[in-house]
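Structural overview for review
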Amino acid sequence: MFKLNGTVFMLSVLTLVGIPGLESVQAWIGIPFCAMYIVALFGNSLILVIIKSERSLHEPMYLFLAMLGATDIALSTCILPKMLGIFWFHLPKIHFDACLLQMWLIHAFQAIESGILLAMALDRYVAICHPLRHATIFTHQLLTQIGVGVTLRGALLAIPSIILIKCRLKYYWTTVVSHSYCEHMAIVKLAAEDTRINKIYGLFVAFSVLGFDIIFITVSYIQIFITVFSLPQKEARLKAFNTCIAHICVFLEFYLLAFFSFFTHRFGFHIPPYIHILLSNLYLLVPPLLNPIVYGVKTKQIRDRASKIFHSKNAS
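Residues numbered from 1 in each chain as written. Predicted model: local features only at pLDDT ≥ 70, side-chain atom pairs only at ≥ 80, totals over all residues. Heavy atoms only, no water.

In the annotation of an unreviewed UniProt entry, the entry for the protein chain reads Olfactory receptor, and the organism field reads Myotis brandtii. The annotation that UniProt attaches to the protein chain under Sequence similarities (unreviewed entry) is "Belongs to the G-protein coupled receptor 1 family." (UniProt positions renumbered as here; feature names shortened; annotations may be inferred.)

**A closer look at the overall build of the protein chain**
Secondary structure assignment for the protein chain yields 10 helices and six strands. Taking 316 residues into account, the globule formula puts the C-alpha radius of gyration at 20 Å, and the protein chain, at 21 Å, falls close to it. By principal-axis analysis of the C-alpha atoms, the protein chain measures approximately 75 × 50 × 35 Å. Out of the 316 residues belonging to the protein chain, those deemed buried represent 48%. Across the protein chain, every contact between residues at least 6 apart in sequence was considered, and the portion connecting residues at least 24 apart equals 79%. Here the protein chain displays about 15,700 Å² of accessible surface, and carbon together with sulfur accounts for 72% of that area. The averaged location of the 14 negative side-chain charges in the protein chain is 1 Å from the averaged location of its 24 positive side-chain charges. (Helix = DSSP H or I, 4+ residues; strand = E, 2+ residues; numbered from the N terminus. Rg over C-alpha atoms; globule rule 2.2 N^0.38 Å. Buried < 20%, exposed > 50% of the residue type's maximum accessible area, 1.4 Å probe, protein only. Contact = heavy atoms within 4.5 Å. Areas by Shrake-Rupley, 256 points an atom, 1.4 Å probe, with all protein chains shown as cover. Lys, Arg positive; Asp, Glu negative; His and termini not counted. Charge placed at Lys NZ, Arg CZ, Asp CG, Glu CD.)

**Description of the packing of helix 2 (residues 60-89) against helix 5 (residues 140-168)**
Interhelical geometry of helix 2 versus helix 5 gives an angle of 25 degrees and a closest axis separation of 11 Å. Taken together, the axes of helix 2 and helix 5 are roughly parallel relative to one another. Crossing geometry of helix 2 relative to helix 5 is assigned as right-handed. Facing helix 2, whose interface residues are P60, L63, F64 and M67, helix 5 presents H140, L143, I146 and G147. Residue classes in the contact of helix 2 with helix 5 are distributed as six nonpolar, two polar and no charged. (Axes fitted to C-alpha atoms, helices over the stretch in contact; angles between N-to-C directions. Parallel < 35°, antiparallel > 145°, perpendicular 65-115°, else oblique. Left-handed = near helix turned anticlockwise from the far one by under 90°. Nonpolar A, V, L, I, M, F, W, Y, C, P; charged D, E, K, R; others polar.)

**A few points about the nonpolar core**
Within the largest apolar cluster, 86 residues are counted, with the highest numbers of intra-cluster contacts made by L14, I79, L117 and I165. Here this core takes 15 residues from helix 3 (residues 96-129), the largest share from any one element. Counting five residues, the second-largest nonpolar core is a separate cluster that includes A111, L164, V205 and V209. (Core = buried A, V, L, I, M, F, W, Y, C linked by side-chain atoms within 4.5 Å.)

**Remarks on the sheet that holds strand 6 (residues 176-177)**
As summarised here, the arrangement of the three strands in space is 4-3-6, forming an open sheet in which the pairing is mixed. This sheet does not close on itself; its edge strands, each paired only once, are strand 4 (93-95) and strand 6. Examined bridge by bridge, strand 3 (residues 13-16) and strand 4 share three bridges and lie antiparallel to one another. Each bridged residue has a counterpart across the sheet, and for T15 the counterpart in strand 4 is K93. Along the sheet, helix 3 makes contact with strand 3 and strand 4, crossing strand 4 at roughly 85 degrees. (Pairing = 2+ DSSP bridges.)

**Looking at the UniProt feature "transmembrane region" (unreviewed entry) in the protein chain**
Within this structure's numbering, the places UniProt gives as "transmembrane region" (unreviewed entry) are residues 28-51, 63-89, 101-122, 142-165, 200-228, 240-262 and 274-297. Strand forms 0% of residues 63-89 and helix 100%; the C-alpha atoms that close the span are 38 Å apart. Between the end C-alpha atoms of residues 274-297 there is a gap of 33 Å, over a span that is 100% helix and 0% strand.

**Some details on the state of the cysteines**
The final tally for this structure, using the stated rule, is one disulfide. There is a disulfide in this structure between C99 and C182, and the S-S distance comes to 1.9 Å. Note on the C99 and C182 pair: the S-S dihedral is about -120 degrees, so by sign convention the disulfide is left-handed. Placement of the pair is C99 in helix 3 and C182 in the loop between strand 6 and helix 6 (184-188), with a sequence separation of 83 residues. (Disulfide = S-S within 2.5 Å.)

**Let's talk about the environment of S45**
If you trace the backbone, S45 turns up in helix 1 (residues 26-53). Given a relative accessible area of 31%, S45 falls into the partly exposed group. Taking the C-alpha atoms as reference points, S45 and P131, separated by 86 residues in sequence, lie 30 Å from one another.

**Observations regarding unusual backbone geometry**
Residue H90 is not a glycine yet carries a positive backbone phi of 55 degrees. Position of H90 among the secondary structure elements: in the loop between helix 2 and strand 4.

**As for helix 3**
Between its first and last C-alpha, helix 3 extends 49 Å over 34 residues, near the 50 Å set by a 1.5 Å rise per residue. Where burial is concerned, most of helix 3 is hidden: 24 out of the 34 residues are buried. (Expected span 1.5 Å × (residues − 1).)

**With respect to the pattern of salt bridges**
With the rule as written, the count across this model stands at five salt bridges. Where R305 meets E54, a salt bridge forms, and the shortest distance between an N and an O atom there is 3.4 Å. You can see R305 sitting in helix 10 (residues 300-315) and its partner E54 sitting in the loop between helix 1 and helix 2, a full 251 residues away along the chain. (Salt bridge = Lys/Arg side-chain N within 4 Å of Asp/Glu carboxyl O.)

Next comes the structure, spelled out in structure tokens:
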């Protein structure tokens, strides 16, 4: 790291503050965060095991759920170990390239999760609005293509952000990042150069991924509700609506937290930094925690299989 005229030239190591303003209580904050991480790992791993071992669950809805669980495990693992290192062991240093790698992984997995949620919404749309065509449309080949497509979309869209930081930004005001993980705007704000292109690309990715996905998810569920409420039998309406409740809960929790975190980081100048950082952390930790709980409670097949596993362990 070389200093030039008060700026920092060619960063080699960054310092992650954690949660600005709450440094004295970060060790205590780490306890619920660690508990959330453990529950998320256990819940998502359990769902993966159940879906893998139960052949009757090898259907599009459950295979998408398995993709979501794997993504949640990867996303939470990208941030929690380092975050707990800051909170508990006072290890705030991170190499610049490692920070960029963490940033790429976080944003790639966020985009992948959004793509999977869109695929789940389209699956429910076809299953409810066009049930006779569902099996012919959502084949295993299509599921593979969707999985590869959303993965490539997330990975490729996040790469230019890294390149723009690495190649364009050479001078920085400080090496201290007021965040608990390497977030795109938190790094860009350190630069002592023109960052308009970086900010514009960040906005483009956010609206092209989250904006695109949420529009199609909303349209899909509008069509689903129109179809459900037009069913003649009350039992059929309740059954169809019940299959969508878990998905709707997951969509709301993911996108509400995502957009709140996104807009407060760019436009929430009057919001205290610790509130924004806490919400950013919760945005990455709450969905992996709640997704297996929501689907476990609302999905009868997964709930029954999980109860069998625990009852057999208790019996033995």
